[in-house]
Amino acid sequence: TMDARKVAGAVAAGAAGAALLIKSISMASSASYSQSADGPDGAQGELVFAINGQRIVLPAASVDPAMTLNDYIRLHTKFTGTKISCGEGGCGACAVSLARYDAAVGDVVYVSANSCLRPLAAMHGWAVTTVEGIGSSLSVTGFNDVQERIAGFNGSQCGYCTPGMVMTMYSALKAREAECPEDPHLTQAEVEQQFDGQICRCTGYRPILDGFRSFAKDADIEDMVTGEQKCGGHDSSNDPKFPAFLRNAKAGSARFLGTNGRVWIRPTTLKEAFAALTKHGDKARVVVANTSVGIYKDDPTTVLVDIQNIPELRGVKVNSGDIYFGAVESLRVMAKTLERIEGEESAKGGDAAARVKAFSALVKHIRRIAGVHVRAVGSLGGNLNMARKHGFLSDLATILVAVGARAALISESKGREIVTVEEFLARTTLPADTLLQGVFVPFNAQGDAFHFNTYKTAMRNRMAHAYVNAGFAFEVDEKAQEIKSAVCAFAGVSDHDKAGAHAVRASATEEFLAGKPLNDTTLKAAIEILSKELVPSGEHRARFRHRLVTGFFYKFMVSLFRSVGTKVSDAVASAAIDYERPLQKSRQEFGFPRTHAPVSLPIPKLSAKVQASGEARYSGDVPLRYGTLHAAYVLSTVASGTIESVDTSAALKAPGVVDIIGEEDIPGVNSCAMQGPPIPILNSVNIKHHSQPIMLVVADTARHAAEAAQLVRVTYKDVKTPVITNEDAIKANKVMPSAAHHSIGDAASVLASTDDKHRVTGDVEMSTQFHFYMETQVSYAIPDEDGSMELHTATQWMDSINKSVAQCLGVPMNKVRAVNRRCGGGFGGKLYHATSHAAAAAVAAHKLQRPVRIVLSRNDDMRMHAGREETTAHYEAAFDDEGRITALTMQGFVGAGYNVDMSAFANMSFAAALSQVYNLKAADIKSSLVATNLASRTATRGPGEIQASYVIETIIEHIAHKSGLSPDQVREVNFYDVNDKDSWTVPNGKKMSHYTVPRLWALAKEKAGFDKLVKSVEEFNKTHRWRKRGLSVTPVRYEVSVWPRAALVNIYADGTILITHGAVEMGQGVNTKVAAVAAHELGLAIDQPLDINLVRFNDMNTSINPNQLFTGGSTGSEGACQAVRMACQQLVERLKSVVAAQREMNAQKADEAKSEGDGGDDDLSWQQVVGLALMQSVNLSAQAHWAGAGADSLTYMNFGACVSEVEIDVLTGEHEILLSEIVYDCGKSLNPAIDIGQCEGAFVMGVGFYLHEVAWYDKDARLVSDGTWEYKPPLANNIPQQFNVTLLQDAEFERGILSSKASGEPPLVLSTSVIMAVRQAIKAARKDAGVEDEFFKMPTPVTVDDIQRLCGHSDDQLTV
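Residue positions are counted from 1 within each chain, in the order its sequence is given. With the structure being a predicted model, the display of local features is reserved for residues of pLDDT at least 70 and the display and counting of side-chain atom pairs for 80 or more, all residues being used for whole-chain, interface and lining totals. To obtain the side-chain values, all non-hydrogen atoms of the structure were included, while hydrogens and water were left out.

## Topic: the packing of helix 36 (residues 1232-1251) against helix 38 (residues 1312-1329)
For clarity, the threshold we go by: For helices, the fitted axis covers only the stretch in contact; all axes are lines through C-alpha atoms, and the angles between them, taken along N-to-C directions, range from 0 to 180 degrees. Labels follow the DSSP assignment, with helices taken as runs of H or I lasting at least four residues and strands as runs of E lasting at least two, numbered in each case from the N terminus. By the definition adopted for this analysis, an angle is roughly parallel if under 35 degrees, roughly antiparallel if over 145, roughly perpendicular if from 65 to 115, and oblique otherwise. Working rule for contacts: check all heavy atoms of both residues, and any pair within 4.5 Å makes them a contact. Three classes are used: nonpolar for Ala, Val, Leu, Ile, Met, Phe, Trp, Tyr, Cys and Pro, charged for Asp, Glu, Lys and Arg, and polar for all others, with Gly counted as polar.
At a minimum axis separation of 8 Å, helix 36 and helix 38 run at an interaxial angle of 40°. As far as their axial angle goes, helix 38 and helix 36 are oblique. Here Phe 1243, Val 1247, Tyr 1250 and Leu 1251 of helix 36 come into contact with helix 38, specifically with Thr 1312, Ser 1313, Val 1314, Ile 1315 and Val 1318. When grouped by side-chain class, the residues that make up the contact of helix 36 with helix 38 number seven nonpolar, two polar and no charged.

Here it is, written out as structure tokens:
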């Protein structure tokens, strides 16, 4: 045991080097250290836990209550596989496995948890396993099979989320083994349920689910790479064992002190807890897992009282009339217990089964609370207390009120008190000496007369807070068809996050229902009473929430009518459908010639296993140099105004602060713009958008820097009302000079001569979409000799870092070295925006002559950087009787934010792509940029393209609506004639080639069974009043250009190869594609492909490959492949003479051997050839540059088609994608496994744009949806239930690099098929609702509230 008294003293004194000293100790092999005596300043006790089997004993004085487990792992151990992304428990990138010996069950329990939420101080007695702890390339036992499955199934692209995915699956497997040793294997459905708390922006989730479902006992998963069945349970023989020393780790009382007055108190008795709470009063808050910090980040309490080790607050007990759950028990424990007892009792049948009638609904609802990691550790007491104290919109509170649960309160002065949960929630304040001890969930005592169900509608069907939730418990005399009693509980009626805004009962409605007959008259009257009784307050979706109140009640009543035998038509009965998502299914089809093997083979990503083991390094994982400082921005709190003064005095006095950097500290030019107007690195005068960077606070830790930044006081003058929308910008004449205009024919004349019957006009609105890359913006600046600077930055444009840093420092570019191994996702967001952070870090590092790192929090990242441009369009189109467009005019406005940035390119793309695959004979297409007081928009996957698709497909739908033709008929009649190549010119004058749309279209419809689907959708809609389906098929045309790239290929003496090329690896698999090309090209020297594992890649480095264009536009891989191919061809040319000479010599020796009766061998191995070349002083290093211009110029069109079928709930607006059948022309794919993954990931990101991702700004232009709490990218259960991708065969593109085409962005546009299918479903609902048959607008994203509103039903239609 190492003495850490010096470490503890250093931490308590706030010494800058303490963290490094702790780090050096904790990284020592099998190191541990302890201090049992009380520390300084009242700190006492110790913290004992383990990380990957390593014993850690921290003295009280070295435990900061503000430090999370994630902070500790990443800052004080060698393990960097555990990532940080959202910091809110909303994405799962930080997931780790936790294990603890539970004396109550006599065994070890396993759970997964968000390390970003878990306080380090709460870790006593826990064994933490990170992704490195279960396997790695350096481990004696190699990779864990969980890591191998996700890698082998191509479930890792950028890899940033992969460690969290791995640990989620691993934890689920370990928990099952511990809880059910007699049946240790999960089902496929249970595997899918584990991923409701994980976000992946790259893959589209399908390969992740496939890989992990292969562990299930009912699995039948085909590996796309080998075509074999890869199934079977988890091999736990090499899993880490639970540390023996933790089996007897007793949690003694402890007190941990941090900076800024933070205190963590760990009582072990109620008496100690009451004493702490009484002493500290309003400053104190009880915690168990502290998951609430993901929601209430600014909670003012400074004293945290950890009650998880108090015996009286723990435990589960099954009584005769109820089940008792201690307040500190987790939501997972509650759900598992209720599920187990429900199963046991239901199996008995009769009265036993009736006792648990509510349990299945409770379990189902609990599993929709938060995500799997939060449910695993978040306590039921914490959830209920948030509802009571903060007005948190709790699902648990509502369903417990509905089921009649009771709460046990325990007080030092009053003893124990039992109240209803409803009464508990009404007590917005509790005496300091009172705690929630537990909850009693009752068994049903009403027999078969009892009917119960719960409901919830949220922004997303998992991992999202409710708009409204409800629970109903009725006692019905079935014989008399009479309601004897009713409980109707709701939350979301009052504005949440306000004290008193908890779950309520509709008492007037309940009183009315008691004793009433169960019939339509009662239903109508009750809905009228309920509608008046519960009127949602506030402005946030109030009408929608009101409709949900009556809609949920109607759903329950219809189910009640059906369950008691009252006749209800099938159409009406659809309201009661309790939708259960089936297992996700998929199909992938491809087949390409092996003429360039291993090119075009489905090779798994080369770095997939090290990504799955956490060994893959990202910019934020670069080991910190001694003396490294951390920086955080001071951001503007207005969107339009002038800075009058800045007061930094309080911030400079804050703990750990070293300096505050301002504009005056920039020695060169204060701009990081690569084109267009200047973009200030730090702004000291004119503010153009909310959260614009003003200054940079530099401190010893990232937490100290962030806290001090909040202390800087900025005073503004001339504050103006911000321009937020495109409409506002047009009114304010904020139209930018950049404009796009394409014209063909005389559209105005044709429109003027067309009658109203054959003309449509309308408007289309589309909101923004954030990149939501999993790795936020990060840059690490390291000053070097002679005023030079080294930058480790997560960027898609290395040259921009080189130029902008040189520019702001006032040094030549050869003094700046930018390095980047990989990005954790980019999607265009790290193309331009990364430069500002590299420049800011460099300025600070230059001034202080110490390394400085900037890592943006998810909230700051989203506030400072925007994504896709808001786009509006006004159109007018004429058409003939067959639906053929005879003329089209369109005026678009593209919102750039406050600066042009890359939006000029998006604007041009929007106009150029508007026609898509449709042959417009007369068109006038215009689009202009407009400026707003929002953060600068920038390139976002498919910039301008998806907006163009939505506009033209809306026009197609409008024509179909007015003409009475089907939309697919109108689409088909407007296709180019496949036999008339002379007509293959689009409005911007570009000529198409390899026009495969008709073939793709027919194949997509054939594979989807389109004609049968049309009939089945029609039949479904006839028989389902309250659920509707829609069907659509849409195409894509997507223009790309392959940009110049350079490459350096080095061959080493042992035959291994190191490649440095000019495309950033950010998940698109460029390195794997390049390796295959190199293996093929170099293999030509020996007439057989090389082993691809001989190839390794160097980091991107501007000192090796300077002057490289950005990686984007879907073609980085192609350009890099061609540059590497050219370099390899140089090397092969040099090796030809070596090979020829040796073969001639071998042939002579063979002849001599034959004459002597011996055999001969003229084969040459690669290693032999390399050795011979070195002996002859052959240069085995080659550099090549593919110009991408002149003869090398390569611009081409990509094509695809997709059929999608959706189903919507008319009453709630919830939706499911039942099918998406993608057929895509990838030319001769460079790697079909990677290209299919790109198709799926792009498509799902498009689904997010259309249906999920809402950017919400307040009146001051402050982004409200700045994290996972309000911004909702799709999850695994939001992807199509049947998700099929076919890469078109026999479609080689001879102009392409090895006949290939791009795959990263074009399939994004095919998600338009989903939103058009939603339109068709809404149209069917409107018909039933009797809404006037007019073409309706659908601004995107079309969220659940939009769908419900557009369906057009009214409460008077809620009948049986």
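## A word on the sheet that holds strand 33 (residues 852-855)
Heads up, the rule is: Only strands joined by at least two bridges in the DSSP assignment are considered to pair.
The eight strands are arranged 24-26-22-33-30-31-32-41 in an open sheet whose pairing can be described as mixed. The open sheet is flanked by strand 24 (657-661) and strand 41 (1100-1101), the only strands paired with a single partner. The sheet strands contacting helix 22 (residues 702-709) are strand 22 (629-635), strand 24 and strand 26 (693-699), and the helix crosses strand 22 at an angle near 20°.

## Things to note about a negative patch on the surface
Keep this limit in mind: Put simply, a patch holds well-exposed residues, over 30% relative accessible area, that have no salt bridge, with like charges counted together within 9 Å and Val, Leu, Ile, Met, Phe, Trp or Tyr side chains within 5 Å. We get accessible surface area from the Shrake-Rupley algorithm with a probe of 1.4 Å; when it comes to residues, only the shown protein chains can shield them. Each reported salt bridge corresponds to a side-chain nitrogen of Lys or Arg within 4 Å of a carboxyl oxygen of Asp or Glu. Within this scheme the basic residues Lys and Arg register as positive and the acidic residues Asp and Glu register as negative, but His and the chain ends are omitted. Note that the charge is assigned to NZ on lysines, CZ on arginines, CG on aspartates and CD on glutamates.
On the surface, Asp 351, Asp 448, Asp 477, Glu 478 and Glu 482 cluster together into a negatively charged patch. Examined against the element boundaries, Glu 478 turns out to sit in the loop between strand 18 (466-477) and strand 19 (482-491).

## Considerations on unusual backbone geometry
For the peptide bond that leads from Ala 597 to Pro 598, omega is 5°, which places it in the cis range. Tracing the backbone shows Pro 598 in the loop between strand 21 (585-589) and helix 20 (608-612). Of note, the bond from Thr 1340 into Pro 1341 is cis; its omega dihedral lies within 30 degrees of zero at 0°. Relative to the helices and strands, Pro 1341 is located in the loop between helix 38 and helix 39 (1344-1351). Residue Asn 52 is not a glycine yet carries a positive backbone phi of 50°. When you line up the elements, Asn 52 lands in the loop between strand 3 (46-51) and strand 4 (54-59).

## A short note on the side chain of Ser 983
As a reminder, the rule being used: To sort residues, take the accessible area from a 1.4 Å probe on protein chains only and compare it with the maximum for the residue type: under 20% means buried, over 50% means exposed, and anything in between is partly exposed. By the criterion applied in these results, polar contacts are pairs of N or O atoms within 3.5 Å in which, for protein atoms, one can donate a hydrogen and the other can accept it, and in which residues neighboring in sequence qualify only through two side-chain atoms.
When you line up the elements, Ser 983 lands in the loop between helix 30 (967-973) and helix 31 (997-1008). Taking relative accessible area as the criterion, Ser 983 reaches 17% and is therefore assigned buried. Looking at Ser 983, its side chain comes within polar contact range of the main-chain oxygen of Asp 980, at 2.7 Å.

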